[in-house]
Amino acid sequence: MNLHGASKSSGIISMACLNLPSDIRYKPENMYLAGIIPCPKQPSLEHLNHYIQPLINDMVDSWECSIKFSNTACFPTGRLTCSAIALAVCDLPAARHLASLTGTGSHFYCSTCNCYHKTMYSRVDFDSWEPHDKDELWKFAEQWRDAATTSEQEKLFKAHSVCYSELRCLPYWDPSCQLVINPMHCILEGLVQHHSRSLLSLTMATTSSSSSSSSSSSPPAFSCDLGEMPPGMTSKELTQVAAIHTFLVIQVPSDDEDLEKLRKNLSHKNTGPLKFVCKAL
């Protein structure tokens, strides 16, 4: 398997009626194509709002004001209905994009709970995971929307990982439970792909790869929870903590060359992050 990234990106916004039986719900003739996001590049977080705004406006009216159908198969004299977006089902990058959340590579890697920092990827103490407070998320999103300058928006986005989304107009919308990663991308193209390529090492070597780079993509040799990040650390220091964590848990051959490379990598890090990691270990 050779890996090649997509050179162009396009997408669709489609809807399925959950009142239909499951065997016909997702047939093309029963789907509603609400919009097309053209290539070659996907829109930025805030520009995606222009594509979903017409649909959201219709869904707000349908929820708050209702829609009167003059007649239906079961109600010849007409029927008053309300409609809502029950779930938004996407792959992981699109889900973060739609909800105007930062990407999965950031320290705010979960859209459901408050788990923070990339060194916490291996956490399994799910009893202590706290779900996001949607009101707090919307407060941060509105602060971003009302910021006077672009630099102020960037600071707010860096601090809270969220910017304004048109989904905020839906009074019932809660990204922590209505944002769903579809099984095909999550399992087949996510977990199974990771297991095959990384754990079983089935990815073919390419001309741009080498034995030294393959060790950095190998699964970690062990799991290590560094605990909560200390207050007062800068974003650069937090990034260095994640890098130091990665250096220390990856599989390293026992030859002198690789150990010397590890020593050099660690020597380039600041004293503060190194001290924190040493104490945490």
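Up top is the structure these notes are about.
Residues numbered from 1 in each chain as written. Predicted model: local features only at pLDDT ≥ 70, side-chain atom pairs only at ≥ 80, totals over all residues. Heavy atoms only, no water.

**Q** Teacher, can you tell me more about empty space enclosed by the protein here?
**A** Over the atoms rolls a probe the size of a water molecule, and in doing so it shows where empty space is left. For the structure on display, the rule yields two cavities of 30 Å³ or more. The computed volume of the largest cavity comes to approximately 60 Å³. A class-by-class count of the residues in the lining of the largest cavity yields eight nonpolar, one polar and no charged. (1 Å grid on protein atoms, 1.4 Å probe; cavity = no way out; pocket = protein on both sides within 12 Å on 5 of 7 lines; lining within 4 Å. Points joined across faces, edges and corners; volume = space filled by probe spheres on them. Nonpolar A, V, L, I, M, F, W, Y, C, P; charged D, E, K, R; others polar.)

**Q** Can you help me understand the pattern of salt bridges in this one?
**A** Pairs can form between side chains of opposite charge once their charged atoms are near each other. Enumeration over the complete set of coordinates arrives at three salt bridges. Residue Asp 146 pairs with Arg 145 through a salt bridge whose shortest N-O separation is 3.1 Å. On the basis of relative accessibility, which here comes to 39%, the residue Arg 145 falls in the partly exposed class. Ionic pairing is found between Glu 260 and Arg 263, a salt bridge with its closest N-O pair at 2.7 Å. (Salt bridge = Lys/Arg side-chain N within 4 Å of Asp/Glu carboxyl O. Buried < 20%, exposed > 50% of the residue type's maximum accessible area, 1.4 Å probe, protein only.)

**Q** Where do I start with the nonpolar core in this structure?
**A** Nonpolar side chains tend toward joint burial in soluble globular proteins. Ranked by size, the top nonpolar core spans 28 residues in total, and within it Ile 56, Ile 85, Leu 98, Leu 167, Leu 170, Trp 173 and Leu 179 carry the most contacts. Here the element with the most residues in this core is helix H2 (residues 48-64); it accounts for six residues. For Ile 85, the residues in contact, after removing those within four places along its chain, are Met 15, Ile 56, Met 59, Leu 170, Tyr 172, Trp 173 and Gln 178. In this structure, Tyr 109, Cys 113, Met 229 and Leu 262 belong to the second largest nonpolar core, which totals 17 residues. (Core = buried A, V, L, I, M, F, W, Y, C linked by side-chain atoms within 4.5 Å. Helix = DSSP H or I, 4+ residues; strand = E, 2+ residues; numbered from the N terminus. Contact = heavy atoms within 4.5 Å.)

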